[in-house]
Amino acid sequence: MKAFLLSLFAFLISILPLTALTAHAAESAEIDTGKVVASLVSSHDSAAPGETIHVALRTVLDKGWHTYWRNPGDSGEPVQLDWVLGAGWEVGEIVWPLPMTLPTGPIINYGFEGAPLFPVTLKVPETAAIGTVETIEVDFYYLVCKDVCIPENGVASIDLRIGENVKDVLWEALINEAITQAPKPVSVKAGVSKTNDTATITVTELPEGDFSNAYFFPFDQGILMHSEPQKVELGTKGIALTSPSDYAWDEGLPDTLSGVLSYEQNGRSVGAEIALTVGDNLDVGLSPAKGQLAESNIGLVGAIFAALLGGLILNLMPCVFPIISMKALSIAKTAHGERTVIRREAWAYTAGVIATFIALTLLLLGLKAAGNEIGWGFQLQSPPVVALLALLLFVIGLNLLGLFEFGARLQNTGSGIAAKGGLKGSFFTGLLAVIVATPCTAPFMAGAVGYALAQPALVTIAVFMALAIGFALPFLIMAYVPGLLKALPKPGPWMVRFKEFLAFPMFAAAIWLVWVLTMQAGSGGMIAILIAMLLVGFALWLFRVQNYVSKGLAIILCLAAIVLCLTLTTESDTDTVLEKQAWSPEKVEALRAEGRPVFVDFTAAWCVTCKVNEKLVLDKEKTKALFKETNTAFLIADWTNKDDVIAAELESYGRAGVPLYLMFSPHGSSDSNNSVRAEVLPQVLSYNVLKTAIEEAQ
């Protein structure tokens, strides 16, 4: 027994040095900051002088919450680590994990869920004394978000013994795994260029992997619009990603931009750090799109052929159907009559098509020479043009229904073309068909038009002439092929019904143009065009009254409708300016004393929900109008940076983060009772919620 006790004592004495070495834990105490449990972990329990080890901030997030990458995306703030170290210690940059896209409403952020590790390298000074213990301390900060965003922070520390190299088996393995899976620099060729408002990233010499769902995470803000999708195209030599460009392009970019390209490898997401040369657009071996020609190698002959074919197919596009149907009806009326008349009208229609195409082309070239960025269909970007065209189609529809008839002299030059033929009517039909065709792009057209607009004026005109000929060709062929004319049914009562039927495609086209106008000029534009249609409808009724007073009034009403259309502007030209003031408790009380309701928006640049509410509700034109009409003050409590006054106000309403929306009644109202407390609105706003709150506060 004595021998056993002596042996046990000797064993305990022998392991005391190991106990001393492992007494300094490789993990700090866990710190619960609210939505995250954080701790500092180390790959080593003990390290020798001059040795480089790894330490990491370990975070375990509550389910559904997330923190942010180095570039947080549309909002948010990245994880931040501030180290407190002794003299001579060197700490590296964060080895960032591969981020994920975090969509919230219309915005996209970059960050992490679950339990991400944030490793750094730590070099022990050569002069560190063996046997001493050094405290490694980190002051950490992160923004954690779900439906609200809460800034959280804390301090964690571990003790590291200087001496023999002793690794922590658990944390060394987990930290090494995190570092291994983190994106690494790879040797690829990559460039980024900008055309109009689109940025194109091209990458060649790619590593092995599946790039069909590749995504580029830029290190810097302002390169790409994070909230817009990235379109991926796979080529034989690499990939191309296109996405709308952002503000940094206007401010000037460095020669090189960097970021992480994510892709799939062996069934899991991986990332590669790549550097993009600004201005380079590499050949990634893209094939021409199906039914289109690549602009880079289309050539003049190819462009003319593509334009001719595209013009033919353009006749089948829905935006042209109402007008083309009218021409088909006109041919059907004369199909069994004089062939000479049919051919003359077909050539008149062709002349109208070609003349309109040439006029639009010359106007387009003139505007481009003046520095405007425009393309096919540019005239329909003008609200007055859209409004007048909608008005014209509305009038033609009424004419097709037989609700009015102009004299024979006017019928050949105006809306009576649907009922009467004639050279002037055919010419006008061709003109109208081209104007309403411009919103459509048929197969083969895109490459041809793109090529034409990048060439000298004569080449541009030649390509558009081919497009015009292709567009008019079906009716020319019909006029010169007797068999086709004979196949058409003979005139009869069916033509009256068919003519009346064509009024409804006309009305459908007019409705579509009213919708386009609403997108351009807002609800005010819609009201204007509907009033213009009412004025013209009344005028057409007055024209049927056989006296000069009625006809004079009808002309005045038509002119008024045209003027109303010409005065329309895009909605951005008439946006309501909403005054927003900085929040303070004193400002709230001063505005309430003036008898005004007060709305307070507690927000921050990094707050995801705040930005969603701004885009979907607060920045909308009707919301601005609501504030203006009700004389409601709009105050901003910006918590982007630390502000103890705002933090105290949030706490007084039981909140630890933003957004917070408050509605104060004016002093003296039945609901206020001079209370300093406000109505708390939901964190996810809607226009109706806001409108009800303002109405109740008044």
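Calculation criteria
Residues numbered from 1 in each chain as written. Predicted model: local features only at pLDDT ≥ 70, side-chain atom pairs only at ≥ 80, totals over all residues. Heavy atoms only, no water. Pairing = 2+ DSSP bridges. Helix = DSSP H or I, 4+ residues; strand = E, 2+ residues; numbered from the N terminus. Axes fitted to C-alpha atoms, helices over the stretch in contact; angles between N-to-C directions. Contact = heavy atoms within 4.5 Å. UniProt positions renumbered as here; feature names shortened; annotations may be inferred. Salt bridge = Lys/Arg side-chain N within 4 Å of Asp/Glu carboxyl O. Buried < 20%, exposed > 50% of the residue type's maximum accessible area, 1.4 Å probe, protein only.

**A short note on the sheet that holds strand β9 (residues 107-112)**
In step 1: Spatial ordering of the open sheet is given by β5-β9-β8, a layout of 3 strands whose pairing is antiparallel. Among the strands making up the open sheet, the edge pair consists of β5 (67-73) and β8 (100-104). Taken over all neighbouring pairs, the strand axes of this sheet differ in orientation by 50° on average, direction set aside.
In step 2: In terms of strand pairing, β8 meets β9 through 5 bridges, oriented antiparallel. Pairing of Leu102 across the sheet is with Asn109, part of β9.
In step 3: Here helix α17 (residues 608-618) sits on the sheet and contacts β5, β8 and β9; the angle it forms with β9, its principal contact strand, is near 170°.

**So, the UniProt feature "transmembrane region" (unreviewed entry) in the protein chain**
In step 1: Residues annotated in UniProt with the feature "transmembrane region" (unreviewed entry) correspond here to residues 298-325, 346-365, 385-406, 427-451, 457-481, 501-518, 524-543 and 552-570.
In step 2: Measuring from the first to the last C-alpha atom of residues 346-365 gives 28 Å, for a span that is 100% helix and 0% strand.
In step 3: Taken end to end, residues 501-518 is 94% helix and 0% strand, and its two terminal C-alpha atoms sit 27 Å from one another.

**A closer look at the pairing of strand β21 (residues 268-278)**
In step 1: By the bridge criterion, 2 bridges tie strand β14 (residues 184-185) to β21 in an arrangement that is parallel. Bridge pairing in β21 links Lys184 to Ala272.
In step 2: As judged from the 2 bridges shared by strand β15 (residues 189-195) and β21, these two strands associate in the parallel manner. In the sheet register, Val192 faces β21, and the bridge partner there is Val278.
In step 3: For strand β20 (residues 256-265) and β21, the ladder comprises 10 bridges, and the chain directions are antiparallel. Counterpart to Leu261 in the pairing with β21 is Ala272.

**Considerations on the pattern of salt bridges**
In step 1: If you walk through the whole model with that rule in mind, you get 7 salt bridges.
In step 2: Where Glu205 meets Lys189, a salt bridge forms, and the shortest distance between an N and an O atom there is 3.6 Å. Highlighted residues: Glu205 in the loop between β16 (198-204) and β17 (210-218) and Lys189 in strand β15, separated in sequence by 16 residues.
In step 3: Look at Glu205 and you get partly exposed, because its relative accessible area is 46%.
In step 4: Judged by its relative accessible area of 48%, Lys189 falls in the partly exposed class.
In step 5: In this structure, Lys611 and Glu614 form a salt bridge, with 3.6 Å as the shortest nitrogen-oxygen distance. With Lys611 and Glu614 both in helix α17 and 3 residues apart, this pair spans about one turn of that helix.
In step 6: The partly exposed category is assigned to Lys611, whose relative accessible area is 22%.
In step 7: Residue classification places Glu614 among the buried positions, given a relative accessible area of 16%.

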